[in-house]
Amino acid sequence: MRSPAWSSTAIFVTWDDFGGWYDHVPPPVVDGIGLGPRVPLLVISPWAKPGYIGANQGEFASFDKFIEETFGLPSLGARDSLPGTSDLMDFFNFSQQANPKLIQAKLPYSNVLSVPNVGEAAIGGAHPSTVTPASGGPGTVFTYDVMYRNSVAPTVHNLVIDGTTTIPMSVKKTVGKMQEWEATSTLAPGPHTYTFQFGSGTNSWQLPLNSTPFSGPQVMPFKLTGIKVTPSNGAQQLGKPVVFNCIYTSPAGKTPVTAQINIDNNVHPMNAISGTPTKGIRYQYTTPSLSQGTHYFQLQFDDGSGLRTQQEYSVDVTPIYLQNSKVTPTSGTASTNFTFSSVYTGPGPATVVEVVVNGTPHPMSLVSGDPTTGATYSATLNLPAGTHNFAFYATDGTNEWSDPPTPGIFSGLTVTANGAALIHSKIRAPRPATAPYAYDAG
């Protein structure tokens, strides 16, 4: 603001994810994926309309559209070219008297308490959030974590739930120069909030920094567990059916009046396959196929007390995949030539196909075939005596696939020294993953 550029400046401040549980405005559907829940947008400029709240449909492509119109550039031919995408020009009045420069002092800030899984806290498997899981039901044990960084040990180290329940926290582990403090609790169904309150002597710290507590977790009067997408290989194969599963359990013995799944803002009923409410009913929905790309889904159930939405998950659909992955022979000595092979299928050639042995990648070469019908890749290696694990990886430069599912490996390949008695190996792969990736858990 102090620079000569202020007179021609427009600053846009927005957020990548909305980070909340609820938005009463359904996201518009503009393509196969659609838009997500709304995020804030702040416009800072001498020409911004003071106190103005825009009503036009803006999204991230609006910034492209604004730049294109400002500098006379062509559109990218994507969302920035849609008439319904705002160009953000309604936020400005270029005939008004320029807004004054607003230079204010910095807000008070402390980094003694911080959210896990940032910076040094990401090392050593710290929790990815201040509360996990992000949602649950009766009996679910919720784990609260916060990072503490200070040379003085805290004499006060509390988790405060709903502003009334105080639970002392304890040190879980040290991560770099920080300590991860943890507490657990079960919660009654309904909305909840929480804060972290630490102190030492005359000093005190709170997270969040302001007086507004964290919201969550979401606690429902029933449980949704066993959430999985099959077949699961870290990604789904383009053109193949995708099956969504979950298990509904009601301590009150209530059968759902609504059981549905929302995939990319399209709602589909889920079918009860087997089970009882008290022991668990397995629900399932099968879609013939999903288009290429990332798809988002939510589980929505109602036991008669109101429709509840489980947190959002994502599943990727890719046109490439590996199959018939193997090693021949399955056992040998240090002088044995082990041939690793896998069949790659995709709309075009692979840019990389590798076998990763004990964490080290080795390039595989095309042996025969065409990617549209199946191209066989192989690599021949000598391995030292010992037990080895391996996995296969492929990419076409845009999409990725691994076999077995990431982060799985094939195990059981045992190599003996020359002259030693041969130990016959049994190659094993892990069971398919039983849950998709969670998205925006808060």
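These remarks concern the structure in this document.

Quick notes on the rules
- Residues numbered from 1 in each chain as written.
- Predicted model: local features only at pLDDT ≥ 70, side-chain atom pairs only at ≥ 80, totals over all residues.
- Heavy atoms only, no water.
- Pairing = 2+ DSSP bridges.
- Helix = DSSP H or I, 4+ residues; strand = E, 2+ residues; numbered from the N terminus.
- Axes fitted to C-alpha atoms, helices over the stretch in contact; angles between N-to-C directions.
- Patch = residues over 30% accessible without salt bridge, like charges linked within 9 Å, V, L, I, M, F, W, Y side chains within 5 Å.
- Areas by Shrake-Rupley, 256 points an atom, 1.4 Å probe, with all protein chains shown as cover.
- Salt bridge = Lys/Arg side-chain N within 4 Å of Asp/Glu carboxyl O.
- Buried < 20%, exposed > 50% of the residue type's maximum accessible area, 1.4 Å probe, protein only.
- Contact = heavy atoms within 4.5 Å.

## Focus on the sheet that holds strand β15 (residues 223-230)
Turning to step 1, where the next piece is worked out: If you walk across this open sheet you meet the 4 strands as β15-β17-β21-β20, and the pairing is antiparallel. Because the sheet does not close on itself, it has two edges, and the strands there are β15 and β20 (271-276). Adjacent strand axes in the sheet meet at a mean angle of 15° when their direction is disregarded.
Turning to step 2, where the next piece is worked out: Of the pairings in the sheet, the one linking strand β17 (residues 242-249) to strand β21 (residues 280-287) comprises 7 bridges and is antiparallel in character. Its bridge partner lying in β21, asparagine 245 is registered against glutamine 284.

## Remarks on a nonpolar patch on the surface
Turning to step 1, where the next piece is worked out: Together, Met1, Ile11, Trp15, Leu42, Ile44, Leu102 and Ile103 line one region of the surface with nonpolar side chains, adding up to about 610 Å² of accessible area.
Turning to step 2, where the next piece is worked out: Here leucine 42 lies in strand β2 (residues 41-44).

## A closer look at unusual backbone geometry
Turning to step 1, where the next piece is worked out: Following leucine 207, the chain continues into proline 208 via a peptide bond in cis, with omega recorded as 0°.
Turning to step 2, where the next piece is worked out: For proline 208, the position within the fold is in the loop between β12 (203-207) and β13 (214-215).
Turning to step 3, where the next piece is worked out: Phi at leucine 88 is positive, roughly 70°, even though this residue is not glycine.
Turning to step 4, where the next piece is worked out: Note on placement: leucine 88 falls in the loop between α1 (61-71) and β3 (113-114).
Turning to step 5, where the next piece is worked out: On the basis of relative accessible area, leucine 88 is assigned to the buried category, the value being 3%.
Turning to step 6, where the next piece is worked out: Phi angles above zero are rare outside glycine, and asparagine 358 is one such case at about 55°.
Turning to step 7, where the next piece is worked out: Tracing the backbone shows asparagine 358 in the loop between β28 (352-357) and β29 (360-363).
Turning to step 8, where the next piece is worked out: On the accessibility criterion, asparagine 358 (40% relative accessible area) is partly exposed.

## What about the environment of asparagine 358?
Turning to step 1, where the next piece is worked out: Measuring from C-alpha to C-alpha, the distance between asparagine 358 and threonine 387 comes to 9.2 Å, with 29 residues separating the pair along the chain.
Turning to step 2, where the next piece is worked out: Excluding its chain neighbours within four sequence positions, the residues that come into contact with asparagine 358 are Thr387, His388 and Asn389.

## Points about the sheet that holds strand β27 (residues 338-345)
Turning to step 1, where the next piece is worked out: With antiparallel pairing, 4 strands are arranged side by side in an open sheet as β25-β27-β31-β30. Taken across any chain shown, the strands that pair with only one partner, and hence form the sheet edges, are β25 (321-328) and β30 (365-370). Ignoring which end each strand starts from, the neighbouring axes of this sheet average 20° apart.
Turning to step 2, where the next piece is worked out: Of the pairings in the sheet, the one linking β27 to strand β31 (residues 374-381) comprises 7 bridges and is antiparallel in character. Note on β31: the bridge partner recorded for phenylalanine 340 is alanine 379.

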